[in-house]
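Summary of the model geometry
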Amino acid sequence: MLEKIKKKVVVESINLTADDWDLYSSMEGSNLAANTLNKMVMIYANKYPLDKDKADEEITKVMEELKNYGAIDSEPRYVMRKILNFIYGE
């Protein structure tokens, strides 16, 4: 029965800083990396409104590309999962 109900997740904005993401915030370019993560979380959450795992997979690829800023470390991954849990529910 519930499969007959359509639900749409819409993320309008994410404005986390490099500190919020727990990136290497003293590193030049870390705020740009944070902005990239913000944008990509928004894009993939809106692109896959019913598939948290697919959004997680795609965002993880971006985080891997930003590994020089610490984006693939456990702390930013934890932040990302908290965001996805907020968007999709736990």
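Scroll up to find the structure.
Quick summary incoming for the structure in this document.

What counts as what
- Every residue gets a number counted from 1 within its own chain, in the order that chain's sequence is written.
- Under the rules for a predicted model, residues below a pLDDT of 70 receive no local features and side-chain atom pairs below 80 are neither given nor counted, while totals for whole chains, interfaces and linings still include all residues.
- Heavy atoms throughout the structure, all of them, feed into the side-chain values; hydrogens and water do not.
- Secondary structure is summarised from DSSP: a helix means a run of H or I of at least four residues, a strand means a run of E of at least two, and numbering begins at the N terminus for each.
- Polar contacts, as counted here, are pairs of nitrogen or oxygen atoms within 3.5 Å of one another; within protein the pair requires one atom able to donate a hydrogen and one able to accept it, and residues that are adjacent in sequence qualify only if both atoms are side-chain atoms.
- Here, residues are in contact when the closest pair of their heavy atoms is within 4.5 Å.
- The rule for a salt bridge is simple: a side-chain nitrogen of Lys or Arg has to be within 4 Å of a carboxyl oxygen of Asp or Glu.
- Axis lines are fitted through C-alpha atoms, for helices just across the contact stretch, and the angle between N-to-C directions can take any value from 0 to 180 degrees.
- Helix crossings are classified by the rotation of the near helix relative to the far one: an anticlockwise turn of less than a right angle makes the crossing left-handed, while a clockwise turn makes it right-handed.
- Each residue gets one of three labels, nonpolar for Ala, Val, Leu, Ile, Met, Phe, Trp, Tyr, Cys and Pro, charged for Asp, Glu, Lys and Arg, and polar for the others, Gly among them.
- Expected helix span is computed as 1.5 Å times (number of residues minus one).
- In this scheme, a residue with accessible area under 20% of its type's maximum is buried, one over 50% is exposed, and one in between is partly exposed, where area comes from a 1.4 Å probe on protein chains only.

You can see Asn-38 is positioned in helix α2 (residues 30-47). Here the side chain of Asn-38 touches Leu-16 through a polar contact of 2.8 Å, landing on its backbone oxygen. Not counting the four nearest positions on each side in its chain, Asn-38 is found in contact with Ile-14, Asn-15, Leu-16 and Trp-21.

Before going further, it helps to examine the pattern of salt bridges. Under the definition given, this model contains 5 salt bridges. For Glu-57, the salt bridge goes to Lys-54, with nearest N and O atoms at 3.6 Å. Residue Glu-57 and its partner Lys-54 are both found in helix α3 (residues 52-65); the two are separated by 3 residues, about one turn of the helix. Between Lys-54 and Glu-58 there is a salt bridge, with the nearest N and O atoms lying 3.2 Å from each other. In this pair, Lys-54 and Glu-58 both sit in helix α3, 4 residues apart, roughly one turn of the helix. Put simply, Lys-54, Glu-57, Glu-58 and Lys-61 are held in one network by salt bridges that share partners.

This brings us to the packing of α2 against helix α4 (residues 74-88). Viewed as axis vectors pointing N to C, α2 and α4 meet at an angle of 35°, and their least axial separation amounts to 12 Å. In the packing of α2 onto α4, the handedness of the crossing is right-handed. Contacts between α2 and α4 involve Val-41, Tyr-44 and Ala-45 from the first element and Ile-83, Ile-87 and Tyr-88 from the second. For the contact of α2 with α4, a count of residues per class yields 6 nonpolar, no polar and no charged.

Turning to α2, a few remarks are in order. Under the 1.5 Å per step criterion, the end-to-end length of α2 is 25 Å for 18 residues, consistent within 8% with the ideal 26 Å. Every buried residue of α2 is listed here: Ser-30, Ala-33, Ala-34, Leu-37, Asn-38, Met-40, Val-41, Tyr-44 and Ala-45. Contacts made by the buried residues of α2 are with α1 (18-21), α3 and α4.

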